[in-house]
Amino acid sequence: MKRFFSRAAVAGLSAALVAGVALVAAPAASAAPIGTLTFNGLSTQDSPFSVTTSGACPTTPTLAPNFLIRVSGGNLPVVSPLANITGNTIGTTVGGINAGPFTGVASNTLNIFATNQGLAGGLGNGTYTIELVCRQSIQSASLGEFVGQFVVTGQSVAPVVPVTATTTTITTASPAAGATNAPATFTAAVTPATATGTVQFSVDGVALGAPVAVAAGAATSPATGLLTAGPHNVVAAFTDGTTFGPSTSPTFIYNVAGISATSSTNLVLSAATVAYPGAVTATATVTSVPVASSGTVQFQVGGTNFGAPVTVSATGVATTSLSLPVQAAAYSVTAVYSGATISGTTVAGSTSPAAPLTVTAPTFAADVQYVQTTVPAGTLVISTPYTAAAPLDLGPMALNATATEYKSSAAFTGIQVTDTRPGNLPYTLSAVASDLAKNGVALPGVNEKINGQNVGLTGLTLTSTNATPGTFLGGVAAGGPTAGQNLTGFDNPAAAHLAAGVAGTAGLGGTSKSVL
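Residues numbered from 1 in each chain as written. Predicted model: local features only at pLDDT ≥ 70, side-chain atom pairs only at ≥ 80, totals over all residues. Heavy atoms only, no water.

(A) Molecular detail of the pattern of salt bridges. On inspection of all chains with the given rule, the structure shows 4 salt bridges. Of the charged contacts, one joins Glu 131 and Arg 70 as a salt bridge, the two residues approaching to 3.3 Å between their closest N and O atoms. In this pair, Glu 131 is assigned in strand β6 (residues 126-135) and Arg 70 in strand β3 (residues 66-73), connecting sequence segments 61 residues apart. Judged by relative accessible area, which is 4%, Arg 70 ranks as buried. (Salt bridge = Lys/Arg side-chain N within 4 Å of Asp/Glu carboxyl O. Helix = DSSP H or I, 4+ residues; strand = E, 2+ residues; numbered from the N terminus. Buried < 20%, exposed > 50% of the residue type's maximum accessible area, 1.4 Å probe, protein only.)

(B) Representation of the sheet that holds strand β28 (residues 345-347) within the structure. Within the open sheet, the 3 strands sit side by side as β18-β28-β27. Their pairing is mixed. Looking at which strands have only one partner, the edges of the open sheet turn out to be β18 (259-261) and β27 (340-342). The average angle at which neighbouring strand axes cross in this sheet is 30 degrees, direction not considered. (Pairing = 2+ DSSP bridges. Axes fitted to C-alpha atoms, helices over the stretch in contact; angles between N-to-C directions.)

(C) A look at the state of the cysteines. Counted according to the given criterion, the structure contains 1 disulfide. Note that Cys 57 is cross-linked by a disulfide to Cys 134, the S-S spacing being 1.9 Å. Note on the Cys 57 and Cys 134 pair: the S-S dihedral is about -70 degrees, so by sign convention the disulfide is left-handed. Pair noted here: Cys 57 is in the loop between β2 (50-53) and β3 and Cys 134 is in strand β6, with a separation of 77 residues, a long-range link. For Cys 57, a relative accessible area of 3% puts it in the buried group. Classification of Cys 134 as buried rests on a relative accessible area of 0%. (Disulfide = S-S within 2.5 Å.)

(D) Here's a closer look at the nonpolar core. In this structure, Leu 123, Ile 130, Leu 132 and Phe 150 are the most contacted members of the largest nonpolar core, which totals 29 residues. Counting only elements with at least two residues in this core, the list comes to β1 (33-40), β3, β4 (83-90), α2 (110-116), β6 and β7 (142-153). Contacts of Ile 130, omitting those with residues within four sequence positions, involve Leu 37, Phe 39, Phe 49, Val 51, Ile 69, Arg 70, Val 71, Phe 146, Val 147, Gly 148 and Phe 150. Grouped together as the second largest cluster of nonpolar side chains are 27 residues, Leu 267, Leu 269, Val 310 and Ala 318 included. (Core = buried A, V, L, I, M, F, W, Y, C linked by side-chain atoms within 4.5 Å. Contact = heavy atoms within 4.5 Å.)

Nothing here speaks to function; it is all geometry.
Right under this line is the structure:
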């Protein structure tokens, strides 16, 4: 293992050491590798050899004009994990270490290097790492390292060829995924683009032809056969066996839609006109290649599904009876085929042209029936609550202010008209008053009568007990809406102090007077 100490750590450690113990300065820490090495002439531990870098030493952040070559690993002493096989060398003496790949010559063979490290008989069997370190000056920090490896077996030495990691990805398919069933090819990208080797394509775990050589970081597969409908797993595996490592692509999903075909649907009705609520037989025939031997047909009336879908027969025919629960009108009937996958072929759905259907109203024969009814004649009755035993009491008569006459009055209530006649038949209400005579024993030779013309009837109001109240004198009876039965009232005011026996028609005297 490698051990590193900072300057501060070494200074702190020296304070605890016993006086007289010598300290050896640790070599500068390694930098990250910036490239690889190839070996020239290295076959035995006695072979003089050189190494060639894969690139140039860095110029930033600090120019690296010098380099050294060192070896580690194997059976080198742990106390000296990094030992130089070539001392610090001025780069310009071997040419342009900052401009591109260059060659550095090892100043010792491996056997001499092993002797200098206290290993008699050369380096032991094992794998060793050799580093060409770019640096600014002696004991300066590494500015970048080119790394290589070799294997020692006895006195034989075999360089380890560096392996570069690769990635492989399937980038395209032709035709694109989802295309109609057809032969397809696939293209894989291999990085780095300098990789050399071959790519073996496989589909669903089966090799697709022979391996294909990689050129400029890409390889295209041989064409597939006719793939079945559905998803397929495509994989590309890169191999080289020398300087580039193997890699396998992620699975590429290639979807095949399958062979497709169109269809057409024709609809025939058993009748174009039917009387409600009759029935019509609808027959749909689906035509396609291959024959539409599966799938369903949805019949529609006026654009609305009628009943459940009907499965087509082996010859592509579907039939249903349209029992029309519709009113008389004009309709259009269509048949919609669902489509189906038949023998690996996707048959598309289709809709028939609309077939007109007229539903007419039913016709009926007349059935004569005879009906009889009796309308009651009804009556018209006018009544009051006044009788000879209980007449209307006008109360005491009072003398007027001019002492010319007596007057008295009272409300004449309870006039009732009961009309049970059918229909809205008109009627009129009239009143007449005879001369009023004394009730009791008359005085001989004394006129004890009041002229009927001195009797009047005014200010009548109407209260209806009918469901449809009437109106009187332009007013609406209380408690009901405006009625269709309008009554016109007439006032008959009493005449002023006519003597008994005087003829005339004033007031209610003489003749009947209209009241309603």
